[in-house]
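Architecture and fold: a report
The chain contents come next:
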Amino acid sequence: MCLATTACSDSTKVSDELPESSANLENPTGRTERVESGPTAKPVRIGEGGPRFDACQSVGEVGRHDSGALPVLSAPFDAAAKKDSLAPGQRVYICTRSIDQQWFGIVYDKAPAAEEGASAPRGPGDCGVSSPVRAKRNYDGPCASGWVESIYVVLVAG
């Protein structure tokens, strides 16, 4: 009987047997996310169409806004912090939408504008969202991202 109780009390953890395994179950890969400013910021998600579709499935063009430039916010609501602004004609990737469809989560290239007076709209740039990703995740690529009111963006492709 004494032998049976000692055998049951001996336990080993998987992490004990695998010295290089990560004990962090929340982030087993150790990948860090881009931290947005403010406690109410909501990152733009990519890959919502699944692994067979581009990470951002649509391209849009910024239209005219009352103030001249379309504000890019850190979250999909009016009181969110302003991160940036986009001029009319700027092309953006549309990656996600708010539940009420009032806001687009966008990714865009903030490269300097083409020459003054150029009539062609600026493209969205190479932001790494034109090909599929394996799973839904927050955008952490080389371009800027944020939220804009959907009524000021005209769908161009997708």
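For the structure, see preceding data.
Read on for a plain summary of the structure. Along every chain, residues carry numbers that run from 1 in the direction the sequence is written. Whole-chain, interface and lining totals are the exception, using all residues; otherwise, since this is a predicted model, local features are given only for residues with pLDDT of at least 70 and side-chain atom pairs are given and counted only at 80 or more. The basis for every side-chain value is the complete set of heavy atoms in the structure, and neither hydrogens nor water enter the calculation.

Description of the pairing of strand S2 (residues 58-62)
This is how the line gets drawn: Only protein chains enter the accessibility calculation, which uses a 1.4 Å probe; a residue is then buried when its area is under 20% of its type maximum, exposed when over 50%, and partly exposed in between. Elements are defined by DSSP. Helices are runs of H or I of four residues or more, strands are runs of E of two residues or more, and each kind is numbered from the N terminus. Two strands qualify as a pair provided DSSP detects at least 2 bridges between them.
When you tally the buried positions in S2, you get 4 out of 5 residues, the bulk of the element. Two strands pair when backbone bridges link them, and S2 and strand S5 (residues 91-97) are joined in this way by 4 bridges, in the antiparallel orientation. Counterpart to Gly60 in the pairing with S5 is Val92. Relative to strand S9 (residues 153-157), S2 runs antiparallel, the two being bridged by 4 bridges. Within S9, the position partnered with Val59 by the bridge is Ala157.

Remarks on the side chain of His65
Rules: Any pair of N or O atoms that falls within 3.5 Å is considered a polar contact. Within protein, one atom must be able to donate a hydrogen and the other to accept it, and sequence-neighbouring residues count only if both atoms are side-chain atoms. Note on contacts: a residue pair is in contact if any heavy atoms of the two residues lie within 4.5 Å.
Among the structural elements, His65 can be located in the loop between S2 and strand S3 (70-73). Of the polar contacts made by the side chain of His65, one reaches the side chain of Ser67; its length is 2.9 Å. Dropping the residues within four chain positions of it, His65 is found in contact with Leu70, Pro71 and Tyr152.

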